[in-house]
Amino acid sequence: MAGTQLEATFGVRTLTKVLTTFADDSLDKFFLGIFERADQIRPEGRLVEWDEERMHRHLAPIVGHTSPSPKLEETTRINKTSSMMHVKLHKDIPGERLFFDRAAGSLRPNAGGVIAKELRDLALAVMKTVEWACASTLQGRLSVNERTVPGSESSFELAWNVSTYLRQANWSEPDTKIVSDELPQIEAAYLHGSGMLPSSAILNDVTKRYFHGNDEVRDWAKEVYAAEALTSSITDARLLKSMNLAGMSWQSNPGGYVPKEGPNAGTFQRFMGDDRVVILPADQRLPDVLALALGHGIVPRNLWGNEGQMGIELAPSPGWYAYSEATSNPPGVRLYAGWVGLPIVLFPQGILVATVRQ
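In this text the structure is predicted, and so the values were computed from the model without any measurement.

Participant: Help me understand the overall build of the chain, please; the structure alone is not making it clear to me.
Facilitator: Across its full length, the chain carries 10 helices and 18 strands. In the chain, buried positions account for 43% of the 358 residues. Excluding contacts between residues fewer than 6 apart, the proportion of contacts in the chain whose partners are at least 24 apart in sequence is 69%.

Participant: For this particular structure, what's the right way to read the side chain of Asn204?
Facilitator: Considering the arrangement of structural elements, one finds Asn204 in the loop between strand S8 (200–203) and helix H7 (205–212). Overall, Asn204 belongs to the buried group, its relative accessible area being 0%. Looking at Asn204, its side chain comes within polar contact range of the main-chain nitrogen of Thr207, at 2.8 Å. If we skip the residues at most four places from it in the chain, Asn204 touches Ser252, Asn253, Arg270, Met272, Gly273 and Asp274.

Participant: So what exactly am I meant to see when it comes to the sheet that holds S8 here?
Facilitator: What links the strands of a sheet is backbone hydrogen bonding, and the strands pair in either a parallel or an antiparallel sense. Strand order in this open sheet of 5 strands is S7-S18-S12-S8-S9, and the pairing throughout is mixed. On the outer flanks of this sheet lie strand S7 (163–166) and strand S9 (249–252), each paired with one strand and no other. Adjacent strand axes in the sheet meet at a mean angle of 20° when their direction is disregarded.

Participant: In this structure, what is going on with the pattern of salt bridges? I would like to understand it.
Facilitator: For side chains of opposite charge, pairing can occur when their charged atoms come near one another. Inspection of the entire model under this criterion finds 10 salt bridges. Across the pair Arg270 and Asp205 runs a salt bridge whose closest N-O atoms are separated by 2.8 Å. Residue Arg270 is located in strand S11 (residues 269–270), and its partner Asp205 is located in helix H7; the two are separated by 65 residues in the primary sequence. The shortest N-O distance in the salt bridge between Asp275 and Arg276 comes to 3.6 Å. With relative accessibility at 9%, the residue Asp275 sits in the buried group. Take Arg276: its relative accessible area is 25%, and that puts it in the partly exposed class. Among the ionic contacts, a cluster of salt bridges with common partners joins Lys91, Glu118 and Asp121.

Participant: So what exactly am I meant to see when it comes to H7 here?
Facilitator: Along an α-helix, residues three or four apart share an orientation, since each turn contains 3.6 residues. Taken across its 8 residues, H7 has 6 buried, putting it largely inside the fold. Where H7 is concerned, the buried positions are Asp205, Val206, Thr207, Lys208, Tyr210 and Phe211. Capping the start of H7 is the job of one residue whose side-chain oxygen sits 2.9 Å from the backbone nitrogen of Val206: Asn204.

Participant: Help me out: how do you make sense of a negative patch on the surface in this one?
Facilitator: Residues Glu173, Asp175, Asp215, Asp219 and Glu223 make up a contiguous surface patch of negative charge. Inspection of the secondary structure assignment puts Asp215 in helix H8 (residues 215–231). The class of Asp215 is partly exposed, set by a relative accessible area of 42%.

Participant: I'm lost on the confidence of the model for the chain in this one. Help?
Facilitator: As a general rule, the predicted coordinates of low-pLDDT regions are not to be interpreted in detail. Of the residues in the chain, 83% reach a pLDDT of 70 or more, and the chain-wide mean stands at 82. Within the model, pLDDT remains below 50 along residues 1–14, and this stretch shows 22 contacts once partners closer than five positions in the same chain are excluded. Predicted confidence for residues 304–308 stays below pLDDT 50, and this span has 7 contacts to residues more than four positions away or in other chains.

Participant: Is there a simple way to explain the side chain of Thr355 in this structure?
Facilitator: Positionally, Thr355 belongs in strand S18 (residues 352–355). For Thr355, a relative accessible area of 14% gives the class buried. Ignoring anything within four residues of it in the chain, the contact list for Thr355 reads Tyr165, Leu166, Arg167, Asp275 and Arg276.

Participant: I tried to follow a nonpolar patch on the surface on my own but got confused; where do I start?
Facilitator: Where nonpolar side chains cluster on the molecular surface, the patch consists of Ile298, Ile312 and Leu314 and spans about 320 Å² of accessible area. Within the secondary structure layout, Ile298 lies in strand S14 (residues 298–301).

Participant: Explain unusual backbone geometry here, please?
Facilitator: Apart from glycine, the bulk of residues carry a negative phi angle, and the bulk of peptide bonds sit in the trans form. For Ala246, which is not a glycine, the phi torsion comes out positive at approximately 55°. Mapped onto the elements of the fold, Ala246 is located in the loop between helix H9 (237–242) and S9.

Participant: I'm lost on the pairing of S18 in this one. Help?
Facilitator: The two faces of S18 match: Leu352 and Ala354 on one face and Val353 and Thr355 on the other face are all buried. Sheet analysis places S7 next to S18, joined by 4 bridges and oriented parallel. Paired with Ser163 across the bridge in S18 is Leu352. Judged from the 4 bridges that link them, strand S12 (residues 276–280) and S18 form a sheet pairing that is antiparallel. Bridge pairing in S18 places Val278 opposite Val353.

Participant: Would you mind going over the pairing of strand S17 (residues 331–345) with me for this structure?
Facilitator: Looking along a regular strand, one sees side chains alternate from face to face of the sheet. Counting buried residues in S17 gives 13 out of 15 residues, a clear majority hidden from the surface. Across 5 bridges, strand S13 (residues 290–294) lies against S17 in antiparallel orientation. The residue of S17 that forms the bridge with Leu294 is Gly341. Between the antiparallel neighbours strand S16 (residues 320–328) and S17 lie 2 residues.

Participant: Would you mind going over the packing of aromatic side chains with me for this structure?
Facilitator: Per the stated rule, a full pass over the model turns up 7 aromatic pairs. Pairing Phe30 with Phe31 gives two aromatic rings, centres 5.0 Å apart and planes at 85°, and the pair type is edge-to-face.

The rules we used
- Residues numbered from 1 in each chain as written.
- Predicted model: local features only at pLDDT ≥ 70, side-chain atom pairs only at ≥ 80, totals over all residues.
- Heavy atoms only, no water.
- Helix = DSSP H or I, 4+ residues; strand = E, 2+ residues; numbered from the N terminus.
- Buried < 20%, exposed > 50% of the residue type's maximum accessible area, 1.4 Å probe, protein only.
- Contact = heavy atoms within 4.5 Å.
- Polar contact = N/O pair within 3.5 Å; in protein donor to acceptor, adjacent residues only side chain to side chain.
- Pairing = 2+ DSSP bridges.
- Axes fitted to C-alpha atoms, helices over the stretch in contact; angles between N-to-C directions.
- Salt bridge = Lys/Arg side-chain N within 4 Å of Asp/Glu carboxyl O.
- Patch = residues over 30% accessible without salt bridge, like charges linked within 9 Å, V, L, I, M, F, W, Y side chains within 5 Å.
- Areas by Shrake-Rupley, 256 points an atom, 1.4 Å probe, with all protein chains shown as cover.
- Lys, Arg positive; Asp, Glu negative; His and termini not counted.
- Charge placed at Lys NZ, Arg CZ, Asp CG, Glu CD.
- pLDDT = per-residue confidence, 0-100.
- Phe/Tyr/Trp six-rings, centres within 6.5 Å; stacked < 30°, edge-to-face > 60°.

Take a look at the structure:
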């Protein structure tokens, strides 16, 4: 295989573009998608810096026609900095797989197909960690260490002072007044804490079952949605989202991961706790509440070119990056994939985390 063919198949730009496509197509992009709809920060160095703003919420005084205007102090601004997350993996592909393994559904070897499949596996693995970090941030705390993410070398913790609500009665009990008691209190707590109306509620598939077994919710759904509620489970994702309980769109996310090691090895772990509901504002207000910082990875330059042209450079786009290099013992290809960034909460009171079961 000539050098130009190698570069076309395994070149830096091609792999970065393909990796981004795989990441955009991932099912594990629910929580990252929320941050992507928020504010975007592009730090230039190793650290990301942002300001946590606190707006005034009191009444402005009423004065006379010729009176001077009273002074309003500047907003309270808390400057914060943090290192970004560097999530990266690599895998080695023996040359024999590239030249002798046939692609799925094909009778002929397909090196490009082998590379694409393994790169997709890398993208999914990296995305799991990114999605976990975004879900953790929305729930008020991002704690990165060897225990929470086995194999991690970095260790840091970001605790966000989000608003909280503790249930008056367990939502898992059928007779709990979710519609008439719990949800109005959540709505009021969010409005009082943030000055915004709640727009969306996020819960996992276990918490969603509480709605299915709740007497008051079932009666409300049958009355409002009549035939559709009678012919569908009210935990159906489409119906749940359209129910508009307390003026909010309800979204269930069953996503999670399976640890390879540690005390929970081999056991599915959900991104969200079974007793949690996260309340957020409308999408147009997300940039006031959340931000996504994206940094640049470092990749080789002209990996397949002449030795004199070898070097390194920043990845062509922030966030995702990928590249490959030839290995010689044994001959093959090493694939690299990574993501650089950090989910950030700009306005903690714009998130309410409700504990609904304990």
